[in-house]
Every structure is written in C-alpha cells, then in structure tokens.
Amino acid sequence: MAPALVGRASASQRWSNLVFIHWRVDAADVAPLLPPGLRPDEFDGSSWVGLIPFVLDRATVFGSPPVPYFGNFVEVNVRLYAVDAQGRRGVVFVSLEASRLAAVLAARALFRLPYMWSRTRLAASDSVAARADSALLTYTSVRHGAAAAHSTIVARPRTAAVVGDPLADFLTARWALFTSIRGRLVHLRNHHEPWQLFTADLVRLEDTLLAVAGFPGLSERAPDSVLYSPGVTTWFGTSGRA
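As a starting point, this report considers the structure included with it.

How each quantity is defined
- Residues numbered from 1 in each chain as written.
- Predicted model: local features only at pLDDT ≥ 70, side-chain atom pairs only at ≥ 80, totals over all residues.
- Heavy atoms only, no water.
- Core = buried A, V, L, I, M, F, W, Y, C linked by side-chain atoms within 4.5 Å.
- Buried < 20%, exposed > 50% of the residue type's maximum accessible area, 1.4 Å probe, protein only.
- Helix = DSSP H or I, 4+ residues; strand = E, 2+ residues; numbered from the N terminus.
- Contact = heavy atoms within 4.5 Å.
- Pairing = 2+ DSSP bridges.
- Patch = residues over 30% accessible without salt bridge, like charges linked within 9 Å, V, L, I, M, F, W, Y side chains within 5 Å.
- Areas by Shrake-Rupley, 256 points an atom, 1.4 Å probe, with all protein chains shown as cover.
- Salt bridge = Lys/Arg side-chain N within 4 Å of Asp/Glu carboxyl O.

### What to know about the nonpolar core
Then comes step 1: With 33 residues, the main nonpolar core has Val19, Val49, Leu51 and Phe215 as its most contacted residues.
Then comes step 2: Where this core is concerned, the elements lending two or more residues are strand 1 (11–25), strand 3 (47–61), strand 4 (73–84), strand 7 (137–143), strand 8 (150–161), strand 11 (198–207), helix 4 (209–213) and strand 12 (225–241).
Then comes step 3: Looking at this core, the element that brings in the most residues is strand 4, giving 5 residues.
Then comes step 4: Residues contacting Leu51, with those up to four places away along its chain left out, are Val19, Phe20, Ile21, Trp23, Val76, Asn77, Val78, Ser151, Ile153, Leu205, Asp207 and Leu210.
Then comes step 5: Formed by 31 residues, the second largest nonpolar core is a distinct cluster that contains Val104, Leu171, Trp195 and Val232.

Now the structure itself:
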C-alpha cells in the first residue's frame, strides 16, 4: 500500500487495461540511462526494463471535472527502476508515447518527462469486459515524424489472480517517479489502491521502442514477466526534491 499523500492531491488519473511486460537486464545497461544521483534498483540480482501499454482517462487537475479529450488517450511507456541516495524507490521513464499533443507538450514543459507524440490505439475484444480467458488487447503506437519508433502489442489477460508475488510487487508497486528539472533530481509521488493483478500471455510483440530506448534486441527475447491489471485511480501530490 502506498503511503498517503501529504496535503491535497494536485491531480488524478484513471489508468485502465494495463499490461506490464518486463525483461531482466544487467544493471550496468540501465545505469547510464538514469539521471545523476540514481542507481538501478534490482530484484533477484537483475535490473528490469518495462514496456507498459494502458489507457489514461478521467484526468483531473486541482479538483476539476475530468478533462475531455486531452485527458483521455492510450499510452505506451518504456520504464526503468531506480533508487536515490535516500533509499527512495521510483520509476524512471525513458519514453512515453501518447496521442494528445497538448498533454505531451505540457508534461515535457512542466516535468521534463520524455513524452513523445504518437498515434496510439487500443482494440479490445468483447470478452475483456467479461474477464474471459479468450480476451485480446491490441495496442499500437507509431511515433509522429519517426515512424521507425513503433510498437504493436497483443496480450491475452488471464483470470488467474497474482497475489503475494514479490517480483510482481517489485515491478508494479511503485509510488513515485524520478525526473530531472533544471539539473535537479525531483521525486514525484503518487497514491492509489493496491493493484489487482492477473497473469497474462504476450501473444505478439513487434516493437522498436525498446531498441530506441537503448535496449537493442530485447524485444526479440521472451519477456520474464507479463501481468495484467484492469486498473486503478491514481492521485498525485506535490514534488519532493532530492
């Protein structure tokens, strides 16, 4: 469970139909991609790279009603895991693909997050809502102006729940992200209910986002973990400076 935020949340978002796809990698391959002041976070002797597609919607800012259109899109991100000098753990994003240009520009300007304007979509079979093992989720992303950066992810969520799995907790129970703003390391916190996690199959992956991020050949390997979650609502607090 994430610690409660201090004070009023500044924003909220709903994250839905997430597929967490992860590979083991050497910490030495991750370290050069992290902002200064961070070291790779490891589990079972490995660092990890994640490719995570999902739907972001119901976005609010300072208690506003959900933002129409600009607060509703499919996102595909490549992320790493890091620890700072104070022992705080968090996510570091290498890239985040999103289809709303205004959201991309705002996130880049305000938080220096590496959002990329892309054509992102999700096609879901009818059985997803029924939580049937025959469900299929197909995510696609093609970066505007750089079509060589693309991803097609087809996943099949299963109905078997994942509970008490230390690796699943390591990969998904993250309550903060790190970013660098004007040369200073910033720790941005969030809060949400514990993930409902299920096993999932990766049916097909055609991806260059991992290679563009600095991990050539990784998408050709079978992933070491594939998980699914129907989603959570997430609240964001004020930033903490390292």
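### Remarks on the pairing of strand 5 (residues 89–98)
Then comes step 1: Taking burial as the measure, the 10 residues of strand 5 include 8 buried ones, the bulk of the element.
Then comes step 2: Across 9 bridges, the pairing between strand 4 and strand 5 is antiparallel. In the strand pairing of strand 5, Glu75 is matched with Ala98.
Then comes step 3: Here strand 4 folds back onto strand 5, and the loop between the two strands holds 4 residues, one of which, Gly87, carries a positive phi near 85°.
Then comes step 4: In terms of strand pairing, strand 5 meets strand 6 (residues 115–124) through 3 bridges, oriented parallel. The partner of Leu96 across the bridge, within strand 6, is Tyr115.

### Examining a nonpolar patch on the surface
Then comes step 1: There is a patch of nonpolar side chains on the surface, built from Leu101, Leu105 and Trp117 and spanning about 280 Å² of accessible area.
Then comes step 2: On the secondary structure map, Trp117 appears in strand 6.

### Topic: the pattern of salt bridges
Then comes step 1: A complete count under the given rule lists 8 salt bridges for this structure.
Then comes step 2: Connected via shared salt-bridge partners are Asp41, Arg89 and Arg174.

### Focus on the environment of Ile21
Then comes step 1: Note that Ile21 resides in strand 1.
Then comes step 2: The exposure class of Ile21 is buried, given its relative accessible area of 0%.
Then comes step 3: Sequence separation between Ile21 and Tyr228 is 207 residues; the distance between their C-alpha atoms is 8.9 Å.
Then comes step 4: Sequence-distant contacts of Ile21, that is, excluding residues within four places in its chain, are made with Val49, Gly50, Leu51, Ile153, Leu202, Pro223, Ser225 and Val226.

### A closer look at the environment of Ala85
Then comes step 1: By the secondary structure assignment, Ala85 is in the loop between strand 4 and strand 5.
Then comes step 2: Judged by its relative accessible area of 78%, Ala85 falls in the exposed class.
Then comes step 3: Taking the C-alpha atoms as reference, Ala85 lies 6.9 Å from Leu38; in sequence the two are 47 residues apart.

### As for unusual backbone geometry
Phi is mostly negative for residues that are not glycine, and the peptide bonds are mostly trans.
Then comes step 1: In this structure, Asp44 is a non-glycine residue whose phi angle is positive, near 55°.
Then comes step 2: Along the polypeptide, Asp44 turns up in the loop between strand 2 (38–40) and strand 3.
Then comes step 3: Judged by relative accessible area, Asp44 falls into the exposed class, the value being 54%.
Then comes step 4: In this structure, Arg112 takes a positive phi of about 55° despite not being glycine.
Then comes step 5: Locating Arg112 in the fold gives a position in the loop between helix 2 (101–111) and strand 6.

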